[in-house]
Amino acid sequence: MIPGPFRNLALIGFMGAGKTTAGEALAARLGWAFLDADREIEREAGREIPAIFAEDGEPGFRALEERVVGRLLTQPNAVIALGGGAVLSAVTRERLRDGSFTVLLDVSPQTAWRRVEAEAGDRPLAGEARGFAELYEARQSLYHTAADVVAPLQKRSIPHPIRIADKVSIRTRS
Ligand code: S3P
């Protein structure tokens, strides 16, 4: 069931699911703002994500991520792309339930790896294929628990973000 009313739309899913690309398309379609949590975290820290991991460790990054995502999720009329590990936080999962229409972009581990491999240096947790696949498996149940709907990546003529946007605008109107 989709809870409502909701103030914004949150995109969750593993690294390489296409959250930023889909989020930009969704926001344009809905006439909403697009907010990218990773970019907001970097802006707030004044450092890029690999530097935050290197200097503050993953716990430091997660604490900052929880705080920034908490702020973003209060924004009305926005599409918010969350980093792949944001749902590790129980606080964030609770905030998602409280007013965000949460869409899981489901991607296979193979596709995700293909997409991030080329730019693994940008993602501290995407260093090698085996660890990446294990992390993927470990997170699956969290993604599905947090999601209101699952958007599988499909080879269809209509890109899935557009179909999601149509569903959302129908619900916004009703
Ligand atoms: C992470 C995913 C990244 C980024 C950080 C940690 C993760 O975001 O937040 O590198 O733990 O899955 P993307 O999912 O946008 O790549």
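The coordinates are above.
Residues numbered from 1 in each chain as written. Predicted model: local features only at pLDDT ≥ 70, side-chain atom pairs only at ≥ 80, totals over all residues. Heavy atoms only, no water.

**Q** Is there a simple way to think about the site of the ligand in this case?
**A** The local shell around the ligand holds 13 residues, among which Lys19, Asp38, Arg62, Arg123 and Arg139 are the closest. Arg139 is positioned such that a nitrogen or oxygen atom in its side chain is 2.7 Å from an oxygen atom of the ligand. Surface burial for the ligand is 95%, taken as the share of its 390 Å² of free accessible area covered by protein chains. With respect to the pocket detection grid, the ligand is positioned in the largest pocket. Here the element with the most residues in the shell around the ligand is helix α3 (residues 49–72); it accounts for three residues. Here the residues of the shell around the ligand are counted per class, giving five nonpolar, three polar and five charged. (Near = heavy atom within 4 Å. Polar contact = N/O pair within 3.5 Å; in protein donor to acceptor, adjacent residues only side chain to side chain. Areas by Shrake-Rupley, 256 points an atom, 1.4 Å probe, with all protein chains shown as cover. 1 Å grid on protein atoms, 1.4 Å probe; cavity = no way out; pocket = protein on both sides within 12 Å on 5 of 7 lines; lining within 4 Å. Sits in = over half its atoms within 2 Å of the grid points. Helix = DSSP H or I, 4+ residues; strand = E, 2+ residues; numbered from the N terminus. Nonpolar A, V, L, I, M, F, W, Y, C, P; charged D, E, K, R; others polar.)

**Q** Explain the sheet that holds strand β4 (residues 100–106) here, please?
**A** Two strands in a sheet stick together by hydrogen bonds in their backbones, pointing the same way (parallel) or opposite ways (antiparallel). The strand order across the open sheet built from five strands is β2-β3-β1-β4-β5, with neighbouring strands paired in parallel fashion. Strands with a single pairing partner mark the edges of an open sheet, and in this sheet they are β2 (33–36) and β5 (149–152). Neighbouring strand axes in the sheet, compared pairwise and without regard to direction, differ in orientation by 25° on average. Pairing geometry for strand β1 (residues 8–12) and strand β3 (residues 78–81), over three bridges, is parallel. The partner of Leu11 across the bridge, within β3, is Ala81. Of the strands in this sheet, β1, β2, β3 and β4 touch helix α1 (residues 19–30), which is tilted by about 160° from β2. Against the sheet, helix α2 (residues 37–45) engages β2 and β3, with an angle of about 65° to β2. (Pairing = 2+ DSSP bridges. Axes fitted to C-alpha atoms, helices over the stretch in contact; angles between N-to-C directions. Contact = heavy atoms within 4.5 Å.)

**Q** What am I meant to see in the layout of surface pockets here?
**A** If a probe the size of a water molecule is rolled over the atoms, the empty space left behind becomes visible. Put simply, the largest pocket is a space of about 640 Å³. In terms of lining, the largest pocket is formed by 31 residues, of which the most central are Met15, Lys19, Asp38, Arg39 and Arg123. Contributing elements (two or more residues each) for the lining of the largest pocket: α1, α2, α3 and α5 (109–117). Here the lining of the largest pocket takes six residues from α3, the largest share from any one element. A per-class count over the lining of the largest pocket returns 11 nonpolar, seven polar and 13 charged. (Points joined across faces, edges and corners; volume = space filled by probe spheres on them.)

**Q** Is there a simple way to explain the pattern of salt bridges in this structure?
**A** Pairs can form between side chains of opposite charge once their charged atoms are near each other. Under the definition given, this model contains 10 salt bridges. Glu55 is the partner of Arg47 in a salt bridge, and the nearest nitrogen-oxygen pair spans 2.7 Å. Under the relative-accessibility criterion, Arg47 is labelled partly exposed at 26%. The exposure class assigned to Glu55 is exposed, which follows from its relative accessible area of 54%. Between Arg62 and Glu58 there is a salt bridge, with the nearest N and O atoms lying 3.0 Å from each other. Of this pair, Arg62 and Glu58 both sit in helix α3, four residues apart, which is roughly one turn of the helix. Judged by relative accessible area, Arg62 falls into the buried class, the value being 17%. According to the relative accessible area criterion, Glu58 is partly exposed, its value standing at 30%. Linked through salt bridges whose partners overlap, the residues forming this network are Glu44, Arg67 and Arg71. (Salt bridge = Lys/Arg side-chain N within 4 Å of Asp/Glu carboxyl O. Buried < 20%, exposed > 50% of the residue type's maximum accessible area, 1.4 Å probe, protein only.)

**Q** Just checking my understanding: could you explain the nonpolar core for this structure?
**A** Judged by nonpolar contacts, the single largest core of 50 residues is most densely connected at Leu9, Ile12 and Val103. Setting aside residues up to four positions removed in sequence, Ile12 forms contacts with Lys19, Leu82, Val87, Leu96, Thr102, Val103, Leu104, Leu105, Tyr143, Ala146 and Ala147. (Core = buried A, V, L, I, M, F, W, Y, C linked by side-chain atoms within 4.5 Å.)

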